[in-house]
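A structural walkthrough
The primary structure of each chain is shown beneath.
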Amino acid sequence: MSEEEDIILADLDDEELVEQMFDDLYDGLKEEIEEGVNILLERGWEPYRILTEALVGGMTIVGKDFRDGILFVPEVLLAANAMKGGMAILKPLLAETGAPRMGSMVIGTVKGDIHDIGKNLVSMMMEGAGFEVVDIGINNPVENYLEAIEEHKPDILGMSALLTTTMPYMKVVIDTMVEQGIRDDYIVLVGGAPLNEEFGKAIGADAYCRDAAVAVETAKDYVARKHNQMAAG
Ligand code: B1M
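Bear in mind the structure is a predicted one, so any value in this text is a computation, not a measurement.

**Comments concerning the packing of helix H1 (residues 14-26) against helix H2 (residues 30-42)**
Angle between the axes and distance between the axes are the two parameters that describe a pair of packed helices. One way to put it is that H1 packs onto H2 with a least axis distance of 9 Å and a crossing angle of 155°. Considering their axes alone, H1 and H2 lie roughly antiparallel with respect to each other. Crossing hand, H1 versus H2: left-handed. Seen from H1, the contacting residues are Leu17, Val18, Met21, Asp24 and Leu25; seen from H2, they are Glu32, Ile33, Gly36, Val37, Ile39 and Leu40. Looking at the contact of H1 with H2 residue by residue, the classes come out as 8 nonpolar, 1 polar and 2 charged.

**Details of a nonpolar patch on the surface**
Taken together, the side chains of Phe66, Val73 and Leu77 present a nonpolar region at the surface, about 290 Å² in accessible area. By secondary structure assignment, the location of Phe66 is in helix H3 (residues 47-67). The partly exposed category is assigned to Phe66, whose relative accessible area is 37%.

**What about the pattern of salt bridges?**
In this structure the tally under the stated criterion is 13 salt bridges. A salt bridge links Arg43 to Asp14; its shortest N-O distance comes to 2.7 Å. Remark: Asp14 occurs in helix H1 and Arg43 occurs in the loop between H2 and H3; sequence separation between them is 29 residues. Since its relative accessible area comes to 31%, Arg43 is described here as partly exposed. In this structure, Asp175 engages Lys171 in a salt bridge whose closest nitrogen and oxygen atoms are separated by 2.8 Å. Here Lys171 and Asp175 lie together in helix H7 (residues 169-179), a separation of 4 residues that amounts to about one turn.

**With respect to the nonpolar core**
A general tendency of soluble globular proteins is for nonpolar side chains to be buried together. In this structure, Leu51, Leu55, Met126 and Ile156 are the most contacted members of the largest nonpolar core, which totals 49 residues. Two domains each put at least three residues into this core: domain 1 (1-99) and domain 2 (101-233). Setting aside anything within four residues of it in sequence, one finds Ile156 in contact with Ser104, Met105, Val106, Met126, Phe131, Ile187, Leu189, Ala219 and Val223.

**A few points about the coordination of the cobalt atom of the ligand**
There is one protein donor for the cobalt atom of the ligand, namely His115 (NE2), at 2.2 Å. Mapped onto the elements of the fold, His115 is located in the loop between strand E1 (103-109) and helix H5 (117-128).

**So, a negative patch on the surface**
On the surface, Asp13, Glu15, Glu16, Glu19, Asp23 and Asp27 cluster together into a negatively charged patch. Within the secondary structure, Glu16 sits in helix H1. Overall, the relative accessible area of 41% leaves Glu16 in the partly exposed class.

What counts as what
Residues numbered from 1 in each chain as written. Predicted model: local features only at pLDDT ≥ 70, side-chain atom pairs only at ≥ 80, totals over all residues. Heavy atoms only, no water. Axes fitted to C-alpha atoms, helices over the stretch in contact; angles between N-to-C directions. Helix = DSSP H or I, 4+ residues; strand = E, 2+ residues; numbered from the N terminus. Parallel < 35°, antiparallel > 145°, perpendicular 65-115°, else oblique. Left-handed = near helix turned anticlockwise from the far one by under 90°. Contact = heavy atoms within 4.5 Å. Nonpolar A, V, L, I, M, F, W, Y, C, P; charged D, E, K, R; others polar. Patch = residues over 30% accessible without salt bridge, like charges linked within 9 Å, V, L, I, M, F, W, Y side chains within 5 Å. Areas by Shrake-Rupley, 256 points an atom, 1.4 Å probe, with all protein chains shown as cover. Salt bridge = Lys/Arg side-chain N within 4 Å of Asp/Glu carboxyl O. Buried < 20%, exposed > 50% of the residue type's maximum accessible area, 1.4 Å probe, protein only. Core = buried A, V, L, I, M, F, W, Y, C linked by side-chain atoms within 4.5 Å. Domains from an automatic or database assignment. Donors = N, O, S within 2.8 Å, 3.2 Å for Na, K, Ca; no water. Lys, Arg positive; Asp, Glu negative; His and termini not counted. Charge placed at Lys NZ, Arg CZ, Asp CG, Glu CD.

Shown next, in the form of structure tokens:
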């Protein structure tokens, strides 16, 4: 008979609970992650803190072991699914701030790339900050971006890429916008783990955003500048 007893999440203190959530995320246990998120909320944790410390923190560990060949795609998919379960609980809370409408953004992951957790997080945080977000999903060829900006006329075009092989596609999108004479009609923000500021500049984006919080601050900053320019002109 196994001597192991079920761990009662609610009996753990905050630090132990977050550690346990790292393990549960690693093991792809969606229900446990949802329970952990709810417990932390009941204990008064801010939704953003839960997102960054418990969920993103756990996913960083998964990422390292994926890189080192300890975890494989099916396991990482389970972890991603568990993370999404936790994010779904936090989403309405992050959006609940009743912030005034700040502007709008079309966002999508580039062609050849199916990673969407970071993009979804950026969308959630932007909505929470008062932006209207149109999420066009994953694996987007340039045509999808062009169609979406034509249809929605957003202030911002956001692109996400998580692979070194797909990040150059962002330049394809920006170059096409330049060719069509519409580049300067939009603020172009890019993000994703393998990118950096230098890359953002090199491809002609307005800014590279390290994480979702930076994306929100950068978006606010650029939209305010755009409105000031319009008011001055
Ligand atoms: Co993939 N994967 N993956 N993967 N995966 C990485 C990216 C990798 C770094 C893992 C590793 O080796 N350590 C590696 C890339 C190596 C490289 O290119 N140099 C990798 C690889 C190789 C692959 C495959 C090729 C594996 C294979 O099949 N052999 C394959 C490719 C599939 C494809 O896209 N064509 C693949 C598949 C997968 C899964 C499907 C299993 C799954 C994705 C599930 C999903 O997204 N629905 C997956 C996952 C989960 C990861 C890791 C483990 C985690 C990514 C993540 O969600 N992070 C990742 C390792 C890692 O990054 N540590 C890895 C959490 C998220 C909150 O962070 O996405 O960085 P992030 O987003 C941040 C910021 O970057 C920024 O804000 C976000 C929030 O703070 N940001 C933006 C992101 N987008 C933005 C857009 C903006 C602004 C900010 O616009 C304005």
